[in-house]
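Architecture at a glance
So you can see what is in the structure, the chains are spelled out below.
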Amino acid sequence: MQENFSLKAYNTFGVEAKAKYFVEVSTIEELKEAISFSNSQIPKTPVLFLGGGSNILFTRDFDGLAIKLNLTGISEKIINENEVWVTAKAGENWHNFVMYCLDKNYGGLENLSLIPGNVGTSPMQNIGAYGTEIKDVFVSCKVLDLESLELKTFDLEECRFGYRDSIFKQEGKGKYVILEVTFKLTTKNHIIKTEYGAIKSELENLGIEHPTIQDVSKAVINIRQSKLPDPKETGNAGSFFKNPTIPLAQFEKLKEKFKNIQGYPNGNFVKVPAGWLIEQSGWKGKQIGNVASHKLQALVIINATGNATGKEVFDFSTEIINSVKEKYGIELEREVNII
């Protein structure tokens, strides 16, 4: 247990913040001990769990116990000739886990290649990209109840997944910590998804006509690397905002005024790309002080100088929200967890 601990190296924005207490745990017993310490404090110390630090923005110091989850390990269970259940502990790096599955020719996660973070945080916001979401391959997750210190299992229905949402961001927030996640993947009859984003054109660039799951992964990696900054080089948390969903009637009205507005209909609603809204509002590549919107992807806010504070990043995002709302009447919602 360490006190007054710097969290700068534990968040991909690379902003400075200190935790009152900090500990790294590698077993469930160590985790229980850390939580027991928190529960024994008067008043009770708040707890923050750190994975890859890729979906968090510190705007202040954390007056509690930050726990770095280093639970690792992967196991497999063959279900039938075309299905395998793969379980990964919370501390496994997400992209490394995807590569592990692809090396074994297990299909289902290839479109989620190169997403930053760890396995344990993947169900929290139902991570997704290029036509695939966690819920599409999710079986269950094992969690620890922070009050009773009992182990529980949540199945697909109990997780109540939505767009970048789950029970762990709603009424379950602050009640559980995810220890491991089980996914159902294919072993031979793979479903190849190439209709989203620029996957098809990238596969054409690679000269691939009949793509494998490994080819799809390579295409996704190429696309992401071409337009998204590496957090190791430039502080960022990937997509900072959710893509807003608005009523069809509202979208039709906007289309009368903005002929080229982009949207993806879903019943009586339309999903509008947040990146497009931000870019059209004049923010792509714009910098204020230490913070900027990335020059290739307006949806990504970056620590441009490496010296930004969390508050500077937050204030910059507020300016974007206000700007988009003023122009389009759409209020963007932050995807990043704000502390």
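The structure displayed is predicted, hence computed values, not measured ones.

A separate point is the overall build of the chain. What the chain contains, in helices and strands, is eight helices and 20 strands. Taking the principal axes of the C-alpha coordinates as reference, the chain spans close to 60 × 55 × 35 Å. Buried positions account for 49% of the 339 residues belonging to the chain. Here the analysis covers contacts within the chain between residues at least 6 apart in sequence; of these, 59% occur between residues at least 24 apart. Accessible surface, the chain: about 16,400 Å² in total, of which carbon and sulfur atoms supply 47%. One way to put it: in the chain the 39 positive side-chain charges average out to a point 5 Å from where the 42 negative ones average out.

Relative orientation of the contacting elements helix H2 (residues 94–103) and helix H5 (residues 213–227) amounts to 155 degrees, with a least axis distance of 10 Å. Classed by the angle they form, the pair H2 and H5 counts as roughly antiparallel. In this structure, H2 meets H5 at a crossing whose hand is left-handed. For the pair H2 and H5, the contacting residues are His-95, Met-99 and Leu-102 in the first and Ile-213, Gln-214, Ser-217 and Ile-221 in the second. Its residues placed into classes, the contact of H2 with H5 shows four nonpolar, three polar and no charged.

We now examine H2. Residues of H2 that are buried: Trp-94, His-95, Phe-97, Val-98, Cys-101 and Leu-102. On an axial view of H2, the arc spanned by its buried residues comes to 160 degrees, and they lie on one face. In the core, the buried residues of H2 are packed alongside strand S6 (74–80), strand S7 (83–89), strand S12 (176–186) and H5. Sitting at the amino-terminal end of H2 is Asn-93, which places a side-chain oxygen 3.1 Å from the backbone nitrogen of His-95.

Across the sheet, four strands lie side by side as S1-S2-S5-S3; this open sheet has mixed pairing. For this open sheet the edge positions go to strand S1 (2–6) and strand S3 (47–50), each flanked by a neighbour on one side alone. Adjacent strand axes in the sheet meet at a mean angle of 45 degrees when their direction is disregarded. Relative to strand S2 (residues 18–25), S1 runs antiparallel, the two sharing four bridges.

Here we take up the environment of Asn-307. Considering the arrangement of structural elements, one finds Asn-307 in the loop between strand S19 (300–303) and helix H8 (310–328). Looking at Asn-307, the relative accessible area reads 57%, which means it is exposed. With near-sequence residues (within four places) excluded, Asn-307 lies in contact with Asn-290 and Glu-312.

A few words on the packing of aromatic side chains. Inspection of the entire model under this criterion finds 16 aromatic pairs. Arranged with centres 5.2 Å apart and planes meeting at 85 degrees, the rings of Tyr-21 and Phe-37 form a pair that is edge-to-face. Of this pair, Tyr-21 sits in strand S2 while Phe-37 is found in helix H1 (residues 28–40), placing the two residues 16 residues apart along the sequence. Tyr-21 gets classed as buried once you look at its relative accessible area, which sits at 12%. Above the ring of Tyr-163, the side-chain terminus of Lys-271 is found at 4.0 Å from the ring centroid.

Before going further, it helps to spend a moment on the environment of Glu-333. For Glu-333, the location among the structural elements is in the loop between H8 and strand S20 (337–338). For the pair Glu-333 and Lys-242, spaced 91 residues apart in sequence, the C-alpha separation works out to 5.7 Å. Not counting residues up to four positions away in its chain, the partners in contact with Glu-333 are Phe-240, Phe-241 and Lys-242.

This part is about the state of the cysteines. Enumeration over the complete set of coordinates arrives at zero disulfides. In this model Cys-141 remains outside any disulfide bridge; the closest cysteine sulfur is found in Cys-159, 4.1 Å from its own. For Cys-141, a relative accessible area of 1% gives the class buried.

As a further point, take H1. The end-to-end C-alpha distance of H1, which contains 13 residues, comes to 18 Å, matching closely the 18 Å that a straight helix rising 1.5 Å per residue would cover. Burial in H1 covers these residues: Leu-31, Ala-34, Ile-35 and Ser-38. When H1 is viewed along its axis, its buried side chains cluster within an angular range of 95 degrees and face the same direction. The outward face of H1, more than 90 degrees from its buried face, is lined by the exposed residues Glu-29 and Glu-33. Residues of H1 that are buried sit in contact with S2, S3, strand S5 (62–69), strand S10 (138–145) and S12.

Time to look at the pattern of salt bridges. Within this structure, the stated rule accounts for 15 salt bridges. In this structure, Lys-152 engages Asp-145 in a salt bridge whose closest nitrogen and oxygen atoms are separated by 3.2 Å. Residue classification places Lys-152 among the partly exposed positions, given a relative accessible area of 32%. What makes Asp-145 buried here is its relative accessible area of 10%. When salt bridges with common partners are traced through the structure, they connect Glu-133, Lys-135, Asp-136, Arg-164, Lys-193 and Glu-335 into a single cluster.

Parameters at a glance
Residues numbered from 1 in each chain as written. Predicted model: local features only at pLDDT ≥ 70, side-chain atom pairs only at ≥ 80, totals over all residues. Heavy atoms only, no water. Helix = DSSP H or I, 4+ residues; strand = E, 2+ residues; numbered from the N terminus. Buried < 20%, exposed > 50% of the residue type's maximum accessible area, 1.4 Å probe, protein only. Contact = heavy atoms within 4.5 Å. Areas by Shrake-Rupley, 256 points an atom, 1.4 Å probe, with all protein chains shown as cover. Lys, Arg positive; Asp, Glu negative; His and termini not counted. Charge placed at Lys NZ, Arg CZ, Asp CG, Glu CD. Axes fitted to C-alpha atoms, helices over the stretch in contact; angles between N-to-C directions. Parallel < 35°, antiparallel > 145°, perpendicular 65-115°, else oblique. Left-handed = near helix turned anticlockwise from the far one by under 90°. Nonpolar A, V, L, I, M, F, W, Y, C, P; charged D, E, K, R; others polar. Arc of directions from axis to C-beta. Polar contact = N/O pair within 3.5 Å; in protein donor to acceptor, adjacent residues only side chain to side chain. Pairing = 2+ DSSP bridges. Phe/Tyr/Trp six-rings, centres within 6.5 Å; stacked < 30°, edge-to-face > 60°. Lys NZ or Arg CZ within 6 Å of the ring centre and 35° of its normal. Disulfide = S-S within 2.5 Å. Expected span 1.5 Å × (residues − 1). Salt bridge = Lys/Arg side-chain N within 4 Å of Asp/Glu carboxyl O.

Keep in mind that these numbers describe shape and distance, not what the molecule does.
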